[in-house]
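Structural characterization, general
One letter stands for each residue in the lines below.
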Amino acid sequence: MMTEYQVCTRCVMDTTAGEISFDDKGVCSFCRAFDANTGPVLDFAKTEDCRTLLRSIAETIRTAGSAHRYDCVLGLSGGVDSAYLACTAVDLGLRPLAVHVDTGWDTATTSSNVRSLARELGIELHVVPVDWAEMRELQLAFYRAAVQNCEIPYDHAFLASLYRVADRARIRYILLGGNLATESVLPASWGHNASDLRYIKSVYARYGAHARLRHYPTLSFWQQYFCYPIVKKIRLVYLLNYLDYNKAQAKQELRKRCGWEDYGDKHHEAVSTRFFQSYYLPMKFGVDKRKAHLSSLILSGQLTREEALEKLMEPPRSQDLIDDDRRYMAEKLGVPLDEWDRILGLPPRSDSEFASLDTLFALKARLVRFLGLRRRSMKAPAVRTSAGGKVG
């Protein structure tokens with residue numbers, strides 16, 4: 001049965017998110033979840049107690065890495081969140097190894113931003129190049145599969161590479177730019193979990209050029225949730241959740257301090273992501289990710305609903321620029337433009353057509369919820385550290 005279209009009266013999320021529900025005042029489930037879980041964390045981030053906690057976390061990281069050249073790995077995509085994270089780490093007296101994962105889709109601005117940040121902050125930059133031949137085939141496989149989340153190859157490679165670098169260098173902490181202030185709204189129905197290695201292999205087995213991936217950096221469920229965090233004691237830390245983080249103010253500071261250049265929209269530092277969010281998702285699945293990004297800013301008090309609605313009146317990107325990216329991607333992927341257009345025009349496929357670890361992830365989620373309820377019942381403090389989705 002078709003669901004009648006509805007948009008939230010508080011944010012700008014709507015029924016394009018399959019899991020959304022509304023109360024009798026028209027307020028959506030994402031807003032209610034924010035009030036119950038995220039709002040208290042953001043309120044805490046404005047307190048002196050949180051600043052004390054942040055200093056304590058930094059001291060723990062410094063102490064753990066005192067015998068090494070670096071005390072943390074810092075994932076640096078070049079976006080505003082990861083760039084501001086780099087500034088924060090340096091201001092806290094940390095010695096990060098900035099790791100940029102080059103999947104072949106960086107814009108010229110991205111390369112300039114990443115290198116100028118490292119230079120101006122006085123931190124070492126380590127660029128991890130992903131094997132282009134395999135990255136190309138994997139990216140094409142996802143587009144040929146016509147599934148919703150064609151950015152999984154980028155997202156998966158990023159985190160897998162950070163873990164590998166930290167493991168080899170014996171660094172116990174990885175800093176990520178994910179944050180609740182700008183990423184609290186992220187519908188699961190808008191794309192498959194990028195951590196699902198079984199799903200990635202299933203898509204590649206059906207639509208890739210080779211039998212298996214040989215060089216592409218992978219991260220299994222057991223590596224991510226058992227081997228790295230429990231056996232090797234590598235921790236992911238989201239420092240921006242301990243700040244009163246404001247995106248507009250962060251951009252302004254980055255421009256003055258590091259000469260950072262804006263990309264115009266969230267996650268547009270990679271051509272593939274820009275095209276995916278501006279054209280592929282709206283065209284094939286009717287999904288405009290700006291609604292989630294803008295709703296997050298509304299809920300954290302950084303934008304009004306009226307301002308967000310005004311932004312949504314404009315297309316995600318001009319048609320001329322979308323056509324430029326479309327031609328660039330066809331050339332970069334090594335397919336004729338007419339073949340690329342045929343691939344883009346394939347009818348959408350459901351993720352359920354491919355093997356996945358959905359059951360395992362569901363069990364993990366239930367365990368996390370149980371432990372969270374148990375912790376709250378014991379009146380233990382809880383601070384969420386992960387917002388999910390792409391890195392900043």
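The structure this text deals with has already been given above.
Small disclaimer: the values here were computed from a predicted structure and weren't measured.

1. Concerning the overall build of the protein chain
Of regular secondary structure, the protein chain possesses 16 helices and 5 strands. Its C-alpha atoms give the protein chain a radius of gyration of 21 Å, near enough to 21 Å, the size a compact globule of 392 residues would have. Its C-alpha atoms give the protein chain principal-axis dimensions of about 55 × 50 × 45 Å. Buried residues in the protein chain amount to 52% of all 392 residues.

2. Some thoughts on the pattern of salt bridges
Overall, the coordinates contain 22 salt bridges when judged by the stated rule. We note a salt bridge from Arg257 to Asp91, for which the minimum N-O separation is 2.7 Å. With Arg257 in helix α10 (residues 247-258) and Asp91 in helix α3 (residues 80-91), this pair connects stretches of sequence that are 166 residues apart. Looking at Asp91, the relative accessible area reads 52%, which means it is exposed. Among the charged side chains, a salt-bridge network with shared partners connects Glu48, Arg51 and Arg55.

3. Some details on the sheet that holds strand β1 (residues 72-75)
Taken together, 5 strands build an open sheet; the order of strands is β3-β2-β1-β4-β5 and the sheet is parallel. Only two strands of the sheet have a single neighbouring strand rather than two, namely β3 (124-129) and β5 (235-237). Across the sheet, the axes of successive neighbouring strands diverge by a mean angle of 30 degrees, strand direction being ignored. Pairing between strand β2 (residues 96-102) and β3: 6 bridges, direction parallel. When the bridges of β3 are listed, Val99 appears paired with His126.

4. A look at the side chain of Asn179
Looking at where Asn179 falls in the secondary structure, it is placed in the loop between β4 (173-175) and α7 (180-183). We classify Asn179 as buried; its relative accessible area is 0%. Only 3.1 Å separates the side chain of Asn179 from the backbone oxygen of Gly177, close enough to count as a polar contact. Separated by 2.9 Å, the side chain of Asn179 and the backbone nitrogen of Thr182 make a polar contact.

5. Overview of the nonpolar core
With 115 residues, the main nonpolar core has Met13, Leu94, Phe142, Tyr143, Leu175, Leu239 and Trp340 as its most contacted residues. The leading source of residues in this core is helix α6 (residues 152-169), at 10 residues. Residues within four places of Leu175 in sequence aside, it is in contact with Ile61, Cys72, Val73, Leu74, Gly75, Leu85, Ala89, Leu94, Val237 and Leu239. Counting residues in hydrophobic clusters, the runner-up holds 7 residues, among them Leu294, Ile298, Leu303 and Leu312.

6. Quick word on a negative patch on the surface
Together, Glu306, Glu307, Glu310 and Glu314 line one region of the surface with negative charge. Structurally, the position occupied by Glu307 is in helix α13 (residues 305-312).

7. Focus: the packing of helix α5 (residues 132-145) against helix α14 (residues 319-333)
Contact geometry for α5 and α14: axes closest at 10 Å, N-to-C directions at 125 degrees. When the axis of α5 is compared with that of α14, the two are oblique. Only Met329, Lys332 and Leu333 of α14 make contact with α5, whose side of the interface consists of Trp132, Arg136, Gln139, Leu140 and Tyr143. Considering only residue class, the contact of α5 with α14 consists of 5 nonpolar, 1 polar and 2 charged.

8. A closer look at the pairing of β1
With burial as the criterion, each face of β1 is covered, one bearing Cys72 and Leu74 and the other bearing Val73 and Gly75. Handedness of the crossover joining β1 and β2 through α3: right-handed. Sheet topology places β1 next to β4; 2 bridges connect them, and they run parallel. The partner of Leu74 across the bridge, within β4, is Leu175.

9. A closer look at the packing of aromatic side chains
As enumerated under the stated definition, the model contains 18 aromatic pairs in all. For the pair Tyr280 and Phe285, a centre-to-centre distance of 6.0 Å together with 55 degrees between the ring planes defines the contact as tilted. Residue classification places Phe285 among the partly exposed residues on the basis of a relative accessible area of 23%. The ring of Trp132 carries the charged tip of Lys332 above its face, separated from the ring centre by 4.8 Å.

10. Brief notes about the pairing of β2
With 6 of 7 residues buried, β2 is to be regarded as a mostly interior element. With 4 bridges connecting them, β1 and β2 associate as parallel partners. Of the residues in β2, the one forming a bridge with Leu74 is Ala98. A crossover connection joins β2 to the parallel β3 through helix α4 (residues 108-121); in handedness this β-α-β unit is right-handed.

How each quantity is defined
Residues numbered from 1 in each chain as written. Predicted model: local features only at pLDDT ≥ 70, side-chain atom pairs only at ≥ 80, totals over all residues. Heavy atoms only, no water. Helix = DSSP H or I, 4+ residues; strand = E, 2+ residues; numbered from the N terminus. Rg over C-alpha atoms; globule rule 2.2 N^0.38 Å. Buried < 20%, exposed > 50% of the residue type's maximum accessible area, 1.4 Å probe, protein only. Salt bridge = Lys/Arg side-chain N within 4 Å of Asp/Glu carboxyl O. Pairing = 2+ DSSP bridges. Axes fitted to C-alpha atoms, helices over the stretch in contact; angles between N-to-C directions. Polar contact = N/O pair within 3.5 Å; in protein donor to acceptor, adjacent residues only side chain to side chain. Core = buried A, V, L, I, M, F, W, Y, C linked by side-chain atoms within 4.5 Å. Contact = heavy atoms within 4.5 Å. Patch = residues over 30% accessible without salt bridge, like charges linked within 9 Å, V, L, I, M, F, W, Y side chains within 5 Å. Areas by Shrake-Rupley, 256 points an atom, 1.4 Å probe, with all protein chains shown as cover. Lys, Arg positive; Asp, Glu negative; His and termini not counted. Charge placed at Lys NZ, Arg CZ, Asp CG, Glu CD. Parallel < 35°, antiparallel > 145°, perpendicular 65-115°, else oblique. Nonpolar A, V, L, I, M, F, W, Y, C, P; charged D, E, K, R; others polar. Right-handed = clockwise from strand over helix to strand, strands pointing away. Phe/Tyr/Trp six-rings, centres within 6.5 Å; stacked < 30°, edge-to-face > 60°. Lys NZ or Arg CZ within 6 Å of the ring centre and 35° of its normal.

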